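Structural features, examined
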Amino acid sequence: MTLSNADYIFVNGKWVGPGEALVPVEDRGYQLADGVYEVVRVYGGRAFALQPHLDRLARSAAELEMDLPLTLDEVGALVKEAPGRRGVEDGQVYIQVTRGAAPRVHHFPEDARPSLVVYASPLRRQPAALYETGADAVVVPDERWLRCDIKSINLLPNALAKEKARRAGALEALLLREGVGMTEGSSSNLFIVRDGRLETAPASRWILRGITRDIVLELAAQAHIPAAERFFSKEELLSADEAFVTSTTMEVMPLARVDGQAIGAGRPGPVTKTLMAAFRERVRAEIG
Ligand code: PDD
């Protein structure tokens, strides 16, 4: 794939090149993390599961009492346009909305207009071997705020957790919320399989309700795999038969080890493999 120098970043109402794609220093996203975002997967130049991502963007913005500068359909049209502007076949589209630029105050400013950024990037793919062998993960404390259901651009606790994973030689950090249980990954949702039953944390303020998570739950139902939305403990994770994480960019990623301890047989199990295959089939069916 060749990267063109075309105007592929939508910012301040128009498509510009990277050198012109600038936001003011008083943008509230920059100073206060006062914004929301989405990451949409692109296969063959086409956006996958676009509508659920747009719906979640609208919900996140509404929860922060933030207006979108365009209609949801207009944002959707920009997302569809973005990959072609950069020649991206296999990649992702990043969408970010902030409350806009205004002299710095904490409360909502009167005169700020929300700002929207949309652009596509080629995918930084995980090594294919990881899907065959399963990845490593570590458990770290969940130190995020109490509204993890909002896809806010404040990702500092997530970034710190992911860095701990990286330093431990692991792909993902799995978050353990005191008094709640295992919630999710630093940028993914977490599933376990016990006695043939799938388990994942309930959609609640403690997790981001992943689009991939919901598709996997739907695929499990179609495959007659029983599923329960419940919080499980770290001990239940470590003693599970299988475990995997899901996200837009990783799809369904099997976990071989957590904190160095093998999960089940220490390689992708049958339920995980069934769901990995069903997910890829789902992508083929939607993208063509
Ligand atoms: N992250 N949980 C968290 C905390 C996430 O950041 C993500 C996605 C998910 C999975 O959601 P989805 O299946 O809708 O991608 C769960 C994106 C990919 C990111 O920040 O890059």
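Residues numbered from 1 in each chain as written. Predicted model: local features only at pLDDT ≥ 70, side-chain atom pairs only at ≥ 80, totals over all residues. Heavy atoms only, no water.

Comments concerning the packing of helix H6 (residues 211-222) against helix H8 (residues 270-287)
- Contact geometry of H6 with H8 gives a least axis separation of 10 Å together with a crossing angle of 110 degrees. With respect to their mutual orientation, H6 and H8 come out roughly perpendicular. Residues Thr212, Ile215, Val216, Glu218, Leu219 and Ala220 of H6 touch H8, and the partners they reach there are Leu275, Ala278, Phe279 and Arg282.
- When its residues are assigned to classes, the contact of H6 with H8 shows 7 nonpolar, 1 polar and 2 charged. (Axes fitted to C-alpha atoms, helices over the stretch in contact; angles between N-to-C directions. Helix = DSSP H or I, 4+ residues; strand = E, 2+ residues; numbered from the N terminus. Parallel < 35°, antiparallel > 145°, perpendicular 65-115°, else oblique. Contact = heavy atoms within 4.5 Å. Nonpolar A, V, L, I, M, F, W, Y, C, P; charged D, E, K, R; others polar.)

Topic: the pattern of salt bridges
- Applying the stated criterion across every chain, the model contains 27 salt bridges.
- The partner of Glu172 in a salt bridge is Lys162, with the nearest N and O atoms 2.8 Å apart. With a gap of 10 residues between them, Glu172 in strand E8 (residues 172-177) and Lys162 in helix H5 (residues 156-167) connect regions that are remote in the sequence.
- Of the charged contacts, one joins Arg166 and Glu163 as a salt bridge, the two residues approaching to 2.8 Å between their closest N and O atoms. Separated by 3 residues within a single helix, Arg166 and Glu163 lie in helix H5, roughly one turn from each other. (Salt bridge = Lys/Arg side-chain N within 4 Å of Asp/Glu carboxyl O.)

Observations concerning the site of the ligand
- Taken together, the neighbourhood of the ligand is formed by 19 residues, with Tyr37, Glu184, Ile211, Thr212 and Thr248 sitting nearest.
- Glu184 places a side-chain nitrogen or oxygen 2.7 Å from a nitrogen atom of the ligand.
- Measuring from an oxygen atom of the ligand, one finds a side-chain N or O atom of Thr212 at 2.6 Å.
- Burial of the ligand by the protein chains amounts to 90% of its free accessible area of 470 Å².
- Breaking the shell around the ligand down by element, the ones donating at least two residues are strand E3 (35-43), strand E9 (181-185), H6 and strand E13 (242-247).
- Looking at side-chain class alone, the shell around the ligand contains 4 nonpolar, 11 polar and 4 charged residues. (Near = heavy atom within 4 Å. Polar contact = N/O pair within 3.5 Å; in protein donor to acceptor, adjacent residues only side chain to side chain. Areas by Shrake-Rupley, 256 points an atom, 1.4 Å probe, with all protein chains shown as cover.)

A few points about the environment of Glu218
- Assignment of secondary structure puts Glu218 in helix H6.
- For Glu218 and Arg166, which are 52 residues apart along the polypeptide, the C-alpha to C-alpha distance reads 31 Å.

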